[in-house]
Each structure stands twice: as C-alpha cells, then as structure tokens.
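The chain contents come next:
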Amino acid sequence: MTGQISKQAEESFGKQDYKQAIVHYTKVIEANPKPESKLSEAYLKRGISYLKTEKFEEALKDFDKAIELTPNLEQAYNQRGLAKANLGKQEEAIKDFDKAIEINPK
C-alpha cells in the first residue's frame, strides 16, 4: 500500500498538484513511523508542496525534518532558505543558502 501511495504522491507532485501531493506525502510519512533517511525525500517534497501553496511555516517544519534525517541534503537547505525568506527571516535564509552552496559548490 505504501508503494501505491508513494506513486500517487510522485504523480501529484509531477503534475504540480501540490495540495494533493501534500495529502499523499502525509500518508507516506504516517505509514512509515520510523524516521529513516528514505523519508527525507517525502518530507522534502511535502515541504516544497507547502512552499508552493504558500504555507511557509509548514514547509519550514518539513525541511527541518528532512535535514534532521539527511543532514547533507542540499536541496532541503535551499528550499528552507526560500521558506525563511518568505517569512521575512532574511539572515536565516542566507545561512541556509550558504550551507546549500557549501554542500554542493557547483
């Protein structure tokens, strides 16, 4: 069942149906209660979906969790920086952007 939910989540995300993606990624996360690094992608993509729907606080929480699970996840730092910038936290956003560049300087 988790595989089907993951597929639905990916399809919704790919179609830029972010509200549906949030629903499906939430189910993926709830179906896997153990915090494993595989869940970092679900948190990352749900966070991006929250960001796209202007739910910046929720996005921030998911990016924090993705980073907790996978500390060198460059995209999570970049996206978290965008969420913080949208919340008016410019200095914190810059730190996240700097960290993303440190992880992947290319």
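To be clear, the structure that these remarks concern was listed above.
A. Inspection of the overall build of the chain at higher detail. For the chain, the count of helices and strands is six helices and zero strands. For the chain, the C-alpha radius of gyration of 13 Å lies close to 13 Å, the compact-globule estimate for 106 residues. Seen through its principal axes, the chain has C-alpha atoms that stretch 40 × 25 × 25 Å. Across the 106 residues of the chain, 40% fall into the buried class. When the accessible area of the chain is evaluated, it comes to approximately 6400 Å², of which 48% is carbon and sulfur surface. Positive and negative side-chain charges in the chain, numbering 18 and 18 respectively, have mean positions lying 4 Å apart.

B. Focus on unusual backbone geometry. Positioned with a positive phi, glutamine 16 is a non-glycine residue whose angle comes to about 60 degrees. Summarising the element assignment, glutamine 16 is placed in the loop between α1 (2-14) and α2 (18-31). Judged by relative accessible area, which is 56%, glutamine 16 ranks as exposed. Its identity is not glycine, yet glutamate 54 carries a phi of approximately 60 degrees, on the positive side. With respect to the secondary-structure elements, glutamate 54 resides in the loop between α3 (39-52) and α4 (56-69).

C. Broad picture of the nonpolar core. Counting residues in hydrophobic clusters, the biggest one holds 27 residues, and the most contacted among them are Phe13, Tyr25, Tyr43, Leu44, Ala59, Phe63 and Ala83. Secondary-structure elements contributing two or more residues to this core are α1, α2, α3, α4 and α5 (74-86). Those residues in contact with tyrosine 43, other than ones at most four positions away along the chain, are Ile29, Asp62, Lys65, Ala66 and Leu69.

Here is what the cut-offs are and how they apply
Residues numbered from 1 in each chain as written. Predicted model: local features only at pLDDT ≥ 70, side-chain atom pairs only at ≥ 80, totals over all residues. Heavy atoms only, no water. Helix = DSSP H or I, 4+ residues; strand = E, 2+ residues; numbered from the N terminus. Rg over C-alpha atoms; globule rule 2.2 N^0.38 Å. Buried < 20%, exposed > 50% of the residue type's maximum accessible area, 1.4 Å probe, protein only. Areas by Shrake-Rupley, 256 points an atom, 1.4 Å probe, with all protein chains shown as cover. Lys, Arg positive; Asp, Glu negative; His and termini not counted. Charge placed at Lys NZ, Arg CZ, Asp CG, Glu CD. Core = buried A, V, L, I, M, F, W, Y, C linked by side-chain atoms within 4.5 Å. Contact = heavy atoms within 4.5 Å.

Interpretation in functional terms is not warranted from these geometric data alone.
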